[in-house]
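Here is what each chain is made of, one letter per residue.
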Amino acid sequence: FNKISNTFINFYHKNFATLIDGDREDQIYYSHLSKLSEYIKDDRLLLPLNILYLKRSLYSQKTPEETIKCFVKIERLLKKHEINDIKLLADYLVDCVFIKGFSNAHNLKKFQDGIQDGHKAIQLYESLNNSGGVFKSYTRMAWISLYQGDVEQCSHYLSKVDKNILYSIENYITKEY
């Protein structure tokens, strides 16, 4: 199962930008991922696969309940295990910005936890020299700040993405968010 899990994670790293909800490849990938997760009993292997599955429920926007259920499961697993894949960890933290921020715009403490996750993601993406990830982090924080009604903070985050804008247009326009 370890080798199979790694295969799914490697496929995600190489091809996620091309996976669009509704496409046959997407359906096959996530169907197999879901089925594989049913057979894995080792939480250390299950954690990264759950993070991959969380991405689907977020970008498909079909069932918010599925997203929250998956998020809670991941948070439970994180109490016992760490995410060793730095890019996957950064991607998860960006997802946390959305989940914690959007779901808790009225709760300042939880909202700020989401923003802090965004800053952690930026540090990780910068260590990987991943300008697209930095762009995604800032734009996610800008979006939830705007949702909360803080236009000034939204502008601050958007001013940080100017240098990454050309890269992002090429690589993220058809991507998840």
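Higher on the page you've got the structure.
Residues numbered from 1 in each chain as written. Predicted model: local features only at pLDDT ≥ 70, side-chain atom pairs only at ≥ 80, totals over all residues. Heavy atoms only, no water.

Q: Tell me about the environment of Glu82, and name the residues and values.
A: Considering the arrangement of structural elements, one finds Glu82 in the loop between α4 (64-78) and α5 (86-103). Put simply, Glu82 and Pro48 are 34 residues apart on the chain and 9.5 Å apart in space, counted from C-alpha to C-alpha. (Helix = DSSP H or I, 4+ residues; strand = E, 2+ residues; numbered from the N terminus.)

Q: Quick rundown of α4? Include the residues and the values.
A: Here α4 spans 21 Å end to end across 15 residues, near enough to the 21 Å set by a 1.5 Å rise per residue. Among the residues of α4, Thr67, Cys70, Phe71, Ile74 and Leu77 are the ones counted as buried. Looking straight down α4, one finds that the buried residues subtend no more than 125 degrees of arc, so they occupy a single side. Turned more than 90 degrees off the buried face of α4, the exposed positions are Glu65 and Lys69. (Expected span 1.5 Å × (residues − 1). Buried < 20%, exposed > 50% of the residue type's maximum accessible area, 1.4 Å probe, protein only. Arc of directions from axis to C-beta.)

Q: I'd like a rundown of unusual backbone geometry, residues and numbers included.
A: Of note in the backbone geometry, Asn129 takes a positive phi value of approximately 60 degrees without being a glycine. Of note, Asn129 is situated in the loop between α6 (108-127) and α7 (131-148). Given the relative accessible area of 71%, Asn129 is considered exposed.

Q: Can you tell me about the nonpolar core, naming the residues and giving the values?
A: If you look at the biggest cluster of nonpolar residues, it comprises 24 residues, and the most contacted ones within it are Ile51, Leu52, Leu54, Ile74 and Tyr92. If you list the elements that add at least two residues to this core, you get α2 (24-39), α3 (43-60), α4 and α5. Looking at this core element by element, the count peaks at 8 residues for α3. When near neighbours in sequence (up to four residues on either side) are disregarded, Tyr92 contacts Ile51, Leu54, Phe71, Ile74, Glu75, Leu78 and Ile83. Val97, Phe111, Tyr125 and Val134 belong to the second-largest nonpolar core, a separate cluster that totals 18 residues. (Core = buried A, V, L, I, M, F, W, Y, C linked by side-chain atoms within 4.5 Å. Contact = heavy atoms within 4.5 Å.)

Scope: geometric values only; no functional claims are made or implied.
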